[in-house]
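Secondary and tertiary structure notes
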Amino acid sequence: MTPLPFFKLLIGLCAVGSALGATVLYQLPIVNAPVNADGFERVGVLANGTFPGPALKFNKGDRAQINVTASLTDPTMRRSTSIHWHGLFQARSAGNDGPAMVTQCPISPNQTFLYDFALGDQAGTFWYHSHLSTQYCDGLRGPFIIYDPDDPQKYLYDVDDDSTIIQLADYYHNPAPSIQQKFLNDAVDPVPDSGTINGAGRFIDGPLTPFSVVNVQPGKRYRLRFINISCAPLFRVSIDRHDLTIIEADGVAHEPHTVGSFNIWIGQRYSAVLNANQPVANYWIRAPPTDGTPEGLVNNPNMNANFTLAVLRYAGAPNAEPDGSTNSTATNLLVDEDLHPLINPGSPGGDVPADYTFDMKITQPNPPFYEINEISFEPPAIPALLQILSGASNPNDFLPHENMQLLPQNAIVEVNVIGNPDDPHPIHLHGHTFDVIRFSGSNVTNFKNPPRRDVVPVNSGTTTFRFFTSNPGPWMLHCHIDWHLDVGLAVILGEAAAAQRIGNQSVITSPAWKRLCPVYNTLDPSLQ
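The paragraphs below set out a description of the structure included in this document.

**Examining helix H5 (residues 511-520)**
Taken together, the buried positions of H5 are occupied by Trp 513, Leu 516, Cys 517 and Tyr 520. The arc enclosing the buried residues of H5, seen along the axis, measures out at 85°, which places them on a common side. Opposite the buried face of H5, by more than 90 degrees, sit the exposed residues Pro 511 and Arg 515. On its buried face, H5 is in contact with strand S7 (112-118) and helix H2 (384-389).

And the structure:
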């Protein structure tokens, strides 16, 4: 299918701190359109009619304006939509964060909403996806890149452009609502039909769909931006006969760290520098998906994890798949604890006790539904942000199923996520990055220079992270396996409720934001 009209418009300059940033406008239609990622064609929910969606690109200090139009007509999938800009802090703009019924009502069919927010000092690799039920499993996901002209690690690479964005995704042959209904009936986690790299993959007994190709010139160094945009699996990434030097995790620069392979969980991003210093040839980019359990991805006869491949092609190599002569087995798997932030390392407060500590215990007493601290999250009937802006400030102002955890302003918060045995979950925090001071299964606590990111896997045992409550808003903390989020694995962190309403950090919403709920609430359920 020919992509729909899509454009980027540089409007002008806006003041950002002491610097000037541009206001960059994108038009982003959300449509039902054919998609054929692995040789099986279906209709998806797509940004601009493509899977993955188009890359939204900015420079540090810009203001993002993305005009989203919901033009969805297929009755087998959700008809409204809501977009989350994963990893962006949304300071004073929580109404643009995107989780349906947490920070906004969804955009109704045939309606347009302008997401409008400053990017501030953030730079790095981010992404966008639907945050309405399991809609992004039908295809609504894509990259969001913020370039830093003054990147302190720019000396490490020569090339950083569209060709070096590498998106890892799962692909499903059936619509997400039908898959989720089966999950509700049998409590068996959905398994995708295939894994894809930059929108291309294969399934068992399917056609030989061409794999994606990443082209390189001998002697040059490439900043490869890996993004796991999947709904369920993690991927183990390696490139035959090439090391990868990680310099960024989840939009945060980290000290260069060279590995042979790495696991990337749902929602995570890594920038890794590849030195094209091998003989001219074709090399496999490998990213077999798994769910993190010993059994791996089972219960779908279409899935072969080893079919999740792309080709690294040196200039001068034949236009063909690798012939086997360049194959290699990846070693030196990344240990997450070995990553250290490049700038201002150290967790909030160092090793002093946190101002506020709470446990987040994950259980599943009634499969498929999950609970956190004995509550299975259900989206509020009125968006949490609207409730807070209307005066809600105390725990009893919210219904129990909303699982609201109120946090004080300007406090060191320490969260202990207690996992389920053999049931790993990638936990994502909106509105912040956090410092992972202790990983699951470890007895080592690192306050000095722990990894800083916004998604961390929680396995058996306890994972502990810290952040500082300097960004008032209602921020979700949830499992990024979309099927699990939809059955309750989430809480809302109500950060500094009073400061969201008044003061120099108060949340600013637009008249269009205020109109979302009145329109959405009049819809027939089939259109929501």
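Next, the rest of the story.
**Observations regarding the pairing of strand S31 (residues 473-479)**
The side chains of a regular strand alternate between the sheet's two faces. Here S31 lies mainly inside the structure; seven of its seven residues are buried. Taken together, the three bridges between strand S26 (residues 425-429) and S31 define a ladder with antiparallel strand orientation. Counterpart to Leu 429 in the pairing with S31 is Leu 477. In this sheet, strand S32 (residues 490-495) lies alongside S31 in antiparallel orientation, the contact comprising six bridges. Residue pairing in the sheet places Gly 473 in a bridge with Glu 495 of S32.

**Things to note about the state of the cysteines**
Overall, the coordinates contain two disulfides when judged by the stated rule. The side chain of Cys 105 participates in a disulfide bridge whose partner is Cys 517; the two sulfur atoms lie 2.1 Å from each other. Residues Cys 105 and Cys 517 are joined through a disulfide that is right-handed, its torsion about the S-S bond being 95°. Linking Cys 105 in the loop between strand S6 (83-86) and S7 with Cys 517 in helix H5, this pair joins segments that are 412 residues apart in sequence. The class for Cys 105 is buried, based on a relative accessible area of 1%. Each sulfur in the disulfide pair Cys 137 and Cys 231 lies 2.2 Å from the other. When the S-S torsion is -120°, as for the bridge of Cys 137 with Cys 231, the disulfide is left-handed. Here Cys 137, found in the loop between strand S8 (124-130) and strand S9 (141-147), pairs with Cys 231, found in the loop between strand S13 (221-228) and strand S14 (234-239); they are 94 residues apart in sequence, far enough to count as distant.

**Let's talk about the packing of aromatic side chains**
The tally for this structure, following the rule as stated, stands at 17 aromatic pairs. Ring geometry for Phe 58 against Phe 144: centres 4.7 Å apart, planes inclined by 25°, an arrangement best described as stacked. Of this pair, Phe 58 sits in strand S4 (residues 56-59) while Phe 144 sits in strand S9, and the two are 86 residues apart along the sequence. Of the residues examined, Phe 58 reaches a relative accessible area of 2% and is grouped as buried. Here a set of aromatic residues connected by ring pairs shows up, and it is made of Tyr 26, Phe 58, Trp 85, Phe 113, Tyr 115, Phe 117, Tyr 128 and Phe 144.

Conventions we followed
- Residues numbered from 1 in each chain as written.
- Predicted model: local features only at pLDDT ≥ 70, side-chain atom pairs only at ≥ 80, totals over all residues.
- Heavy atoms only, no water.
- Buried < 20%, exposed > 50% of the residue type's maximum accessible area, 1.4 Å probe, protein only.
- Helix = DSSP H or I, 4+ residues; strand = E, 2+ residues; numbered from the N terminus.
- Arc of directions from axis to C-beta.
- Contact = heavy atoms within 4.5 Å.
- Pairing = 2+ DSSP bridges.
- Disulfide = S-S within 2.5 Å.
- Phe/Tyr/Trp six-rings, centres within 6.5 Å; stacked < 30°, edge-to-face > 60°.

By themselves, these are just geometric observations and shouldn't be taken as functional.
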